[in-house]
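Per-entry structural report
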Amino acid sequence: MSSLIDGTRSRPASARPGRGRTGGGRVGGGRPAPNPDLARKLLTVAFRPSGLTMLLIAAVVVVTLVSASSDLTGTFGAIATTWLVIHQVPATISGVQLGVLPLLPTAVMMWVVARRCASTAVHTDSRDDTLRLVGAAIAGPLTITAIALAVVADASAAIPLSSPNTLAAFGWVAGIHLIAASIGVAAAHWDRVVAEIPPWASAAVRPATAASAALLAAGAVAVVVSLLVSWSTVGDLLARGNGFVGVLGLTVLSLLYLPNLVVGAAAVMTGSTADFGNVSISVFGNIGGDLPPLPLLGAIPEGVAGGIWPVLLIVPTAVGVMLGRDCARRIAGQDSVLAVLTAAAGAGVVMALLALAAGGDLGQFGTVEALWWGFGLLTFAWLGLFGTVSALFAMWFSHRGHIKDEVAPPKAEPARTSEPELAITAAATPEEADENTDEVLAQESAVVVTKVVEAEIVEESGEPVSVVTEEIVEIEVVDAEVVAAPETDPAAGPETESEPETDLPSKPRESSD
């Protein structure tokens, strides 16, 4: 009865919000279930990037086997192994472990996953939906990884292929997709992320990204210059391909491993050491040895390093100065130093992870690695030290500029004369008055005012003649108020009108009568 009086209608429990199975409902009285549209998008995030990657892997494997005139017996095992290799899971072939895996395919796959998660995260408004999105981005690749491990175990009976460590495989796959999905979600909800972290932490994100990119760019330049200097050696290694297919294969393999060599060059520039089996490279001296016949490795210098190599340490110094300047521009005061240290720590972690992923075992050649923990610590030290100095200098210059502004005397205002105030009225010609009778224009600037002086001249006839003279005066209006003259009432009689300006007659006019 009360519901009828209130004008509302009671609904059964099954029709109330949170009780049904449709979007907006709750699963078992707990968290709300995703709506069907979001569920379809989560399935897309989970399996579309992984599915496209598997199709591309299958095409590459089949083309490679056909080009090498090999049978297709171990095709599925090769496809599954390639999926694991892209996720940096070491592969064991004929008892030889291949742990040095190319970073380029991994980076491309992470970029695709991050883009997909960013485009889907725009439609997620709650924290639960965001967690579901990240979970879907990890669950799909883990499912395919479980299938790939089963295929490799089955193919090991027909081809010399060993199953990798299951825990390591799931760990690498989950970690890579977690990083990619987190980057995508953070990019989509960056405003929300900034609101939940301290200002100095949010101000350190872009400088840390720029510093990491600068170090890698310097490493890439060093690799390209070394390749150009050692081009004859690179050409000799390419000639070992014995034909177009072999040369093409060596070229593609060198391009895939190019990011690995770039990471090693960046590590050397910070003062760390890069090892290729028995070969050790550092700015303070090299140790020679045998290298795999890969054309890309022709960029590694031969013999002992020269005495000018420590000059390369200027690269992390310049990057640290740039980091401190960027942080000081984004946040002022002592928080800029905290931003510098946070950015340096973030860049150090990124460099350490890249060095860890770029290295591994290379069979009979030994271990290929850039000392990952040394690379991370040295990156933090260079960027933190010189970045802090740069931020302190920027803060000091900014403080000095404020002091100069406070000490400087204020600008003297122009003296005002004690002339009486003038009432300014706007007069218009009869033609202009007919067109715009109600429009009054005023501006705060130097204006031209017409000062009207009226005089009476008495002619010989005794009739006064009104004469109007004008004097043009330029004044500067500081504070002026334009007041429109009140309209005259026609019934009140005409007011005295000034005659237009004409030449005075030389003699009185006579009547025509």
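The structure under discussion appears in the preceding block.
Quick summary incoming for the structure in this document. Quick caveat, the model's predicted, so the values are computed rather than measured.

Right, let's talk about the nonpolar core for a bit. Judged by nonpolar contacts, the single largest core of 26 residues is most densely connected at Val263, Leu323, Cys327, Ala343, Phe375 and Leu383. At the level of elements, α9 (205-229), α12 (258-269), α13 (314-330), α14 (335-358) and α15 (372-407) are the ones that each hand at least two residues to this core. Ranked by the residues each element gives to this core, the list is headed by α14, at nine residues. With residues near it in sequence (within four places) discarded, Leu323 still touches Pro207, Ala208, Ala211, Val340, Ala343, Ala344 and Leu383. Leu261, Ala265, Val283 and Ala299 belong to the second largest nonpolar core, which has 22 residues in total.

To continue, consider the environment of Gln97. Within the element layout of this structure, Gln97 appears in strand β2 (residues 96-98). Judged by its relative accessible area of 36%, Gln97 is partly exposed. Residues Gln97 and Asp361, spaced 264 residues apart in sequence, show a C-alpha to C-alpha distance of 6.6 Å.

So, on to the sheet that holds strand β1 (residues 91-93). Pairing is antiparallel in the open sheet, where three strands are placed in the order β2-β1-β3. Each of the sheet's edge strands pairs with one partner strand only, and the pair in question is β2 and β3 (161-162). Of the pairings in the sheet, the one linking β1 to β3 comprises two bridges and is antiparallel in character. Bridge pairing in β3 links Ile93 to Leu161.

Once that is clear, we can look at the sheet that holds strand β6 (residues 360-361). Pairing in this open sheet of four strands is antiparallel, and the strands run β5-β4-β7-β6 from one edge to the other. Edge positions in the sheet fall to β5 (279-281) and β6, since each of these pairs with one other strand and no more. Here two bridges tie β6 to strand β7 (residues 367-370), and the two strands are oriented antiparallel to one another. Its bridge partner being in β7, Asp361 is matched across the sheet by Thr367.

With that settled, the discussion passes to the packing of aromatic side chains. One pass over the full model with this rule turns up one aromatic pair. Seen from their ring centres, Trp382 and Phe386 are 5.8 Å apart, and the 10 degrees between their planes marks the pair as stacked. Note that Trp382 and Phe386 are positioned in helix α15 at a spacing of four residues, about one turn of the helix.

Rules and cut-offs
Residues numbered from 1 in each chain as written. Predicted model: local features only at pLDDT ≥ 70, side-chain atom pairs only at ≥ 80, totals over all residues. Heavy atoms only, no water. Core = buried A, V, L, I, M, F, W, Y, C linked by side-chain atoms within 4.5 Å. Buried < 20%, exposed > 50% of the residue type's maximum accessible area, 1.4 Å probe, protein only. Helix = DSSP H or I, 4+ residues; strand = E, 2+ residues; numbered from the N terminus. Contact = heavy atoms within 4.5 Å. Pairing = 2+ DSSP bridges. Phe/Tyr/Trp six-rings, centres within 6.5 Å; stacked < 30°, edge-to-face > 60°.

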